[in-house]
Structure formats: structure tokens, C-alpha cells
Amino acid sequence: MRWKWALGIIALSLVTLVVTAYLILVSYDYNKLKPRIAQAVRDATGRELTLGGAVELAVGLSPSLVVANVMFANAPWATQPQMMKAERLEVQVRLLPLLFGDAALEGIALIGMEVLLETDAQGKGNWEFKTGEKSTESFWTLKELQIENVKIVKLNLTFHDGQSGSTSRFTLDSLDASRKPSSDEITIDLKGTANKQPFALSGKTGLIDDLLAHKPLEVDLLGQVSGANITVAGVIGDVLELDGIDLKIHASGTDLAGLGRVAGTELLETDAFKMGGEVKGSAKALALQDFKGNASRGSIECTINGKVDDLISVTGVDLEVKGSGKDLADVSPIVDKKLPTTGPFTVTGRLTGSSKALSLQAVEGSVSRDSLRLTVNGKIEDLLALSGIAFNVKGSGKELAEIGPLLEKKLPKFGSFDVGGNLTGSTKVLALDGLSVIVGKSDFIGSAKVEFHQRPKITLALESGLIDFTPLIGEAKKEDKRVGKKGEYDKRLFPDDPLPFEVLKKVDADIVLRAKNMKAREAQFDLGHLTLTLKDNDLSIDKLEAIYKGTKLSGYVHLYPGSPPQVVTKFLVQGFDLGRYLREIGASDKAEGYIDIAADLKSKGYSAHTLVANLDGAIGLVMGRGYLSHWLNLFAINLSKEVIPFWGRHKEAQNIICAAVDFDIKSGIATSRTSVFDTEIAVLNAEGDINLETEQVDFLLSPKPKSAGLTLLNTKLRVTGSIQDPKVRPDYTSVVLTGSRALSALVVGPLGLLAPFVSLGAHEKHPCDVKKLGNNHH
């Protein structure tokens, strides 16, 4: 029975020791440790640790020291005095060894933390500590601590970049890091949000005491960040100094923009992405090697392969980039700009340089649609500043009209085209040199330049061997047929739609065109010169000259800025072979003869309607002996047809001996000063006016037959109604007031009707003998 007594004595002794230890531990003033703890932290970091609350003992299976209101000082240059604050700090520790300087920590728990990480303007981080000299008062140091478990609940982390000024925010909802007995690794499980994006991370790392001792820390982690899967594997030589980093990182998922939001930057939205590479170096120089990435969105595929020598300073960039897709319009949501619908496209290039000077080299791009094809080859020396642009651009197709849908406009069929040139410059000036354009039978060579000032300026110099307008004539005929079938005479002849004068406020221009020939079917002109200048809303075509079969056409147009804008124009042609021209362009074979046309006009307004309503000036036409059908249509549409019930049909009336038409225009009222047609069977005098604003006509047609048998031609007719829908009725009472005076006007002065156009080169010769005409009918 003695063994029972022995066991009892031992048990009693143990109980006595436990009770004694408990009484010692619970009665010990742990606040005495606060200066020692603060000194140890000061020695390790050079910063102050403040334990604001009392240090208390929480008794349990694993006793803990608990302290509230913990603060860790920030760097002297930082924006806030505290780098870290914690509402509550719990330390699971072997208490008796701690009292004798043997700090054996089993775990640490931090609750309600606020952490500020920041860099200064030079990129120095506030986590870079200045270690102080070890004080004689220090009882133990941090590197001697053996931490087995770490738990963090509700940590708010703010990162401020002092160089860029950007700020990112992260919330760690929970972190559990624990070490199993006799294991040399820590199991980690954490969850939180970064810039309002969820993330979770789990896996294994090396021991915490290795981390605190600046020893290499192996990591093998798997995470989910904003829907993306991320793996990180490798080693960090010194976590506290962020040095010796050697990690393989891979990420894959659906939307790349989610990762961008986590990092506080904007990335493209994608349907799928996958990327990976090796990250090596330190916080001062971190390299990305063997990077391979691809992303897709709709039909768009993008791949990037290469390296970045330093991710911190973003230098040594060397990346091969390739993009492709089935339709350029799929890129519209990415660039936030509507792009045309096309066929397949590809672009490749090489990004080199740094964040301060990024270059795009060896660019090769192509896009096609039906027979259309566009290719671009070249480089951009500074992609960030968009300077050093140098591209060779080529475009071609079987039919220019195929471009119409891309511009959302219908274009006439000009035939095949081929365009090429060298585009150089920057965001300040873009130049297109060596420009070569072939469209159908037309050709152009020259150069173009755009200067991007507050008001951009366009400079264009072109030379052409031939400009062929034949396709435009065919398109105009089709449009006339469409209008005729629809009977759209209820619309205004001069619409009230605003003219694009606002465009003149947006750009300046200096355009010179020299062409050897202009062609419209068989009609061919020699275009001497065209000079267009636009500056400060002031548009002028000062030199417009062309020659047709030896006949000179000349004029100018001037548009003055104002509210409303003012337009001034003069035009003159003498001895123009009208019949030959109409036959050559395929318009009509019912004309023969030479004509003089002159116009001297000015007006103001925002639309065609307001321009004609405010029109002032004069316009005149003189025709010599020849043939002209439907000449009454000069006054109103289809007027020649409307007079047939009253005058009958007379083919001889289309044989012109001489005709003269002269309108004086004031405030949109065109009044006939001279309207005389001397034909084989009669002389017709027309007097009256056209109200261009209302498009109403009021004319008295007074024929004088040359034969007594043409009694129907003794009937004067009153023409009223609109220009597009004239009404005709007999007028037996009106008397011709200006007929003889109008004929006399033809011989006033050496140039007659063309006297106002001397400045345009008018000469004395007329298509018909106006003196004889005047003597016969005066």
C-alpha cells in the first residue's frame, strides 16, 4: 500500500505546484513587460510600439496575454503618424519561460487592424526599417520568438503610391496561419477584398520564425481573385526586405478587368484570359521573365510574349504583341468608339522601352472586307507621346463603292482603286507624303498634311493627269429617274436643311489642285488650276480655271464668316459649245450651238433656301444660232410641255437664231431684264419674275410669229404657280412693256449683257449678232 501513498504525495505535490504557478501567473503584473516589448520592437525596427491598454492574462487551455489599443509608429516622412493600429492584440505564450527571457510564442491574434503602406516620391517604402542598436535594457529580441500560429480578423490595408499619387484599399476579413507539430511549413488560409473585389488565398509557406530571421521563405499558394484563378510558387529570399524573389506566377479566368480593379487600374474586359511568367528580383528591381499571355473577347484574340527587365520602374520592356479578329467592329466596345464592320484583321508588333518612352516597332497590320484590303507597316518611336510615327499605308479594292457601307454612305461606282503613301509625324503634325491614288481612270499624286492646332489646318497639294467624272454623271441620271418616279415635286427645290457651314469653323485648309485633264464621258476639259484657302471660317476658291475645246471657263467663290455666313461668286464662260458637250457626256442630243454664261451673285444664309431668299446679283445667258429643245424649261420645270395645248407643237421653234436671258436679282426676287428667243418661226419675249424664297413664278410669255399662218402663236400666256409645277393660262389683256427695251439692252456698251463680267475676262465677241437682232426687233 506504500505505492498508493507515494502516488498520492506526488499528485498532491503536482497540484500544489500548479496552484502555486497559477497564483504566481495571475498575480503577476504583466504591464512590467510593456517597456521590454517596446524596447525589443525599437531595437528591431527603429520605430515606437505603443501598448495603450493594460496587459491582461486570459486564462484557458492556452493562456494568452491581451492588450488593447496597439499602435506602431510610421516612418518620419510618412503622411500619417501611425503605420499600424490594432483594436486588440492577443499573444498565446508560454508564460513562465517568458518571465525568464525565453520568449516561446504559440500564437498571435490581431483584431480590428488598420495598416497604411506607402512610398515617398523616390519610391522608398515605409516598411523599410532602420534597425537601432540593441539596448542594454532589452530582455529578448523578436528574432528569438517562436510563433506557431497567426490569426488576423478584419484588417484594413491602404497602399498609397507617392510617385503616382494612386491609392488602393484592401480588406482582409480573416487570416489563419498555423503550423502542425514537428512540421517545417505553415498552412495559410485567408479571405478578403481588394478595391471592392473579393479574393481568397490558401496554401503553404515556410516558418514564420524563418521570415523574421530574414531566411528564405518557400511559398506554394493557390488563390481566387475576382473570379480568376492564381497560383504562386517559389521562394522569397527575404520577405521583410522583399529581396531574393524567385516566383512562378500563373493566372487564368474570364474577365481580365476584374484583376485590374483589384490592382486599382483599368484593364480590358475579356471573355477568357490566361497568362504566366517568372518574377525575379527585389522590391527595388523586379523582373518579369518568360511571360506568355493570351486573352479573347468575341472574335478578338490577343497574345503577348516577352519580358520586362524591371517591373518597378517599368524599364527594359520587350514584348511581342499580336491581335486578330473576324470583324474590326468587335473592337468598338474596347476603344469606346464606333468602328466599321469589316472582314478579318490582324496586327503584330513589338513593344520595347520603358514607361517613359515606349516604342512600337515592326508593326504589320491588315484588314479586309470583300475585295477591299488595307495594309499598314511601320513603327511608332514613342507610343506614349504618339510621336515618331512612320507607316507605309496601302489600300486597294475592285470597286470604290464598296467603301460606302464603311462610311454609312452610298458612293457611286468609280471602279477599282489603289491608294498608297507614307504617313509620318506626331500628335502635333501628321504628313502623308508620296501619296498616290488611282480610282477608275482618275489618278492623283501629291502630299497632304494636318497640323493639330487649336483649329486644325489641312494642307493638300495634288496633281492629276486625268480626273474622270463619268461615274458621277451616271449616278445623277439614276437619281433623276428615281425622283421622277416618286413624283417628289411636293418638296422644295431649294431645301431648308442646314448646310455644313459649321465644318468651316473647325478647320483651316490650303488646297491646290493641278490637273491636265478632266473628263465626263467623251467631254474633256483642261483644268489649269484650283486654289482653295480656308482660314478663320473664311473660305475662298480664288483661282478656278478650265478649258474645253479651246473655251475658257473661269470663276471664284468666297465664303465670309458671320451670322449668317455670306457667299460671293462670279462665273464666266464664252463661246462654249453646248451641243457638243451634252452629246459627249451622253446627256442630250437635242442641242446645238455656242453659248455665253455669266453670273455675279452674293447672298447670306444657313441653307439653300435662305441663300436663294437673300440672293442679290445678276445672271445672264446668250446663245447664237443653233438648236435647243425645251428651252422654256429655263423658267420653270416642264414649262415647254405646259404651253403645247395653247401654241401647239412646232419643231421649228427649237431652231434658235439668237437667244438672250438676263435676270436681275434683288433680295431673292429674280426679275427678267432681258428674255428674248429669236427662233425660225417666232420671236418670244418673256417678262416677269421668280420669287426664289417662295419658289413661285409670274411670267408673261409674248410670242410674235414670223408667218401669218401661225395664228396660235399670237396668244400671250401667263405662267404662275411654282417652279416645279407651273400653271399656264391665256392672257389677252396684258401688254408687253419691256420687250423693245430688253432687246435694246443687248447692244448697250461694247459687251452688252456681259459688261459686269469684264474682271473675269469677258470679251466683245458674242455668239450671235446682237446689233442685227436689236435692229430687227427694236
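Remember, it's a predicted structure, so these values are computed and weren't measured experimentally.

Engineer: Hey, could you run me through the environment of Ser 332 in this one?
Structural biologist: Position of Ser 332 relative to the elements: it lies in helix α6 (residues 332-335). A relative accessible area of 14% places Ser 332 in the buried class. In this structure, Ser 332 is in contact with Lys 337, Lys 338 and Leu 339, ignoring residues within four places of it in sequence. A polar contact is formed between the side chain of Ser 332 and the backbone nitrogen of Leu 339, at a distance of 2.9 Å.

Engineer: I'm lost on the packing of aromatic side chains in this one. Help?
Structural biologist: Any two aromatic rings considered together are summarised by their centre-to-centre distance and by the angle between their planes. Taken as a whole, this structure holds six aromatic pairs when the rule is applied. Ring plane angle 75° and centroid distance 6.2 Å describe the contact between Phe 635 and Phe 677, whose orientation is recorded as edge-to-face. Taken as a pair, Phe 635 in the loop between β34 (626-628) and α11 (639-642) and Phe 677 in strand β36 (residues 669-679) lie far apart in primary sequence, 42 residues in all. Across this residue pair, the class does not change: Phe 635 and Phe 677 are buried. These aromatic residues form a ring-pair network of at least three members: Trp 631, Phe 635, Phe 663, Phe 677 and Phe 699.

Engineer: Help me out: how do you make sense of the nonpolar core in this one?
Structural biologist: One recurring pattern in soluble globular proteins: nonpolar side chains tend to sit buried together. Met 113, Ile 152 and Leu 259 are the most contacted members of the largest nonpolar core, which totals 63 residues. Of all the elements, strand β4 (residues 82-93) adds the most residues to this core, at five residues. Excluding residues within four positions of it along the chain, Ile 152 makes contact with Leu 110, Met 113, Leu 172, Asp 173, Ser 174 and Leu 175. Counting 45 residues, the second largest nonpolar core, distinct from the first, contains Ala 659, Val 661, Ile 665 and Val 697.

Engineer: I tried to follow the pattern of salt bridges on my own but got confused; where do I start?
Structural biologist: Pairing of side chains with opposite charge becomes possible as their charged atoms draw close. Applying the stated criterion across every chain, the model contains 16 salt bridges. Asp 662 is paired through a salt bridge with Arg 673; the nearest N and O atoms lie 2.8 Å apart. With Asp 662 in strand β35 (residues 655-666) and Arg 673 in strand β36, this residue pair connects regions lying eleven residues apart in the sequence. Among the ionic pairs, Asp 678 bridges to Lys 706, the shortest N-O distance being 2.7 Å. With Asp 678 in strand β36 and Lys 706 in the loop between β38 (696-705) and β39 (717-721), this pair connects stretches of sequence that are 28 residues apart. Residue Lys 706 is classed as partly exposed on the basis of its relative accessible area, which comes to 41%. The structure contains a network of salt bridges with shared partners spanning Asp 318, Glu 320 and Arg 350.

Engineer: I'm lost on helix α2 (residues 33-45) in this one. Help?
Structural biologist: Along an α-helix, residues three or four positions apart point the same way, because every turn accommodates 3.6 residues. Here α2 contains 13 residues, and its C-alpha end-to-end distance of 18 Å stays within 8% of the 18 Å for a straight helix at 1.5 Å per residue. Of the positions making up α2, those classed as buried are Leu 33, Ala 38, Gln 39, Ala 40, Val 41, Asp 43 and Thr 45. The first or second residue beyond α2 is Gly 46, which carries a positive phi of 80°.

Engineer: Even after reading the chapter, I still don't get the pairing of strand β33 (residues 616-623), so can you show me in this structure?
Structural biologist: Regular strands show a simple pattern: their side chains alternate between the two faces of the sheet. Bridge count between strand β32 (residues 594-604) and β33: eight bridges; the pairing is antiparallel. Pairing of Ala 598 across the sheet is with Gly 620, part of β33. Strand direction decides the pairing type here: β33 and β35, joined by seven bridges, are antiparallel. Paired with Ile 619 across the two strands is Phe 663, which belongs to β35.

Engineer: Honestly, the confidence of the model for the chain in this entry has me stumped. Any pointers?
Structural biologist: Predicted coordinates in regions of low pLDDT should not be interpreted in detail. Of all residues in the chain, 81% have pLDDT values of 70 or greater, and the mean over the chain is 80. A low-confidence stretch, residues 12-24 stays under pLDDT 50, and its non-local contacts, those more than four residues away or across chains, total one contact. Predicted confidence is poor over residues 479-489, with pLDDT under 50, and the contacts of this stretch with residues over four places away or in other chains come to five contacts.

Engineer: Is there a simple way to explain the side chain of Ser 282 in this structure?
Structural biologist: Inspection of the secondary structure puts Ser 282 in the loop between β13 (272-281) and β14 (286-297). Given a relative accessible area of 15%, Ser 282 falls into the buried group. The residues touching Ser 282, leaving out its near neighbours within four places in the chain, are Leu 242, Asp 243, Ile 245 and Ile 312.

Engineer: Which parts of the structure should I look at to understand helix α5 (residues 256-263)?
Structural biologist: Here α5 lies mainly inside the structure; six of its eight residues are buried. Looking at α5, one finds that the buried residues are Leu 256, Ala 257, Gly 258, Leu 259, Gly 260 and Val 262. In this structure Asp 255 caps α5, since a side-chain oxygen of it lies 3.0 Å from the backbone nitrogen of Ala 257.

Engineer: Whenever I open this one, unusual backbone geometry confuses me. Can you help?
Structural biologist: Most peptide bonds adopt trans geometry, and most residues besides glycine take a negative phi value. Backbone torsion omega between Ser 563 and Pro 564 reads 0°, so that peptide bond is classified as cis. Mapped onto the fold, Pro 564 is located in the loop between β29 (551-560) and β30 (566-577). Residues other than glycine seldom take positive phi values, yet Leu 386 does so here, at roughly 50°. Note that Leu 386 resides in the loop between β19 (372-382) and β20 (387-397). Judged by its relative accessible area of 36%, Leu 386 falls in the partly exposed class.

About the criteria used
- Residues numbered from 1 in each chain as written.
- Predicted model: local features only at pLDDT ≥ 70, side-chain atom pairs only at ≥ 80, totals over all residues.
- Heavy atoms only, no water.
- Helix = DSSP H or I, 4+ residues; strand = E, 2+ residues; numbered from the N terminus.
- Buried < 20%, exposed > 50% of the residue type's maximum accessible area, 1.4 Å probe, protein only.
- Contact = heavy atoms within 4.5 Å.
- Polar contact = N/O pair within 3.5 Å; in protein donor to acceptor, adjacent residues only side chain to side chain.
- Phe/Tyr/Trp six-rings, centres within 6.5 Å; stacked < 30°, edge-to-face > 60°.
- Core = buried A, V, L, I, M, F, W, Y, C linked by side-chain atoms within 4.5 Å.
- Salt bridge = Lys/Arg side-chain N within 4 Å of Asp/Glu carboxyl O.
- Expected span 1.5 Å × (residues − 1).
- Pairing = 2+ DSSP bridges.
- pLDDT = per-residue confidence, 0-100.

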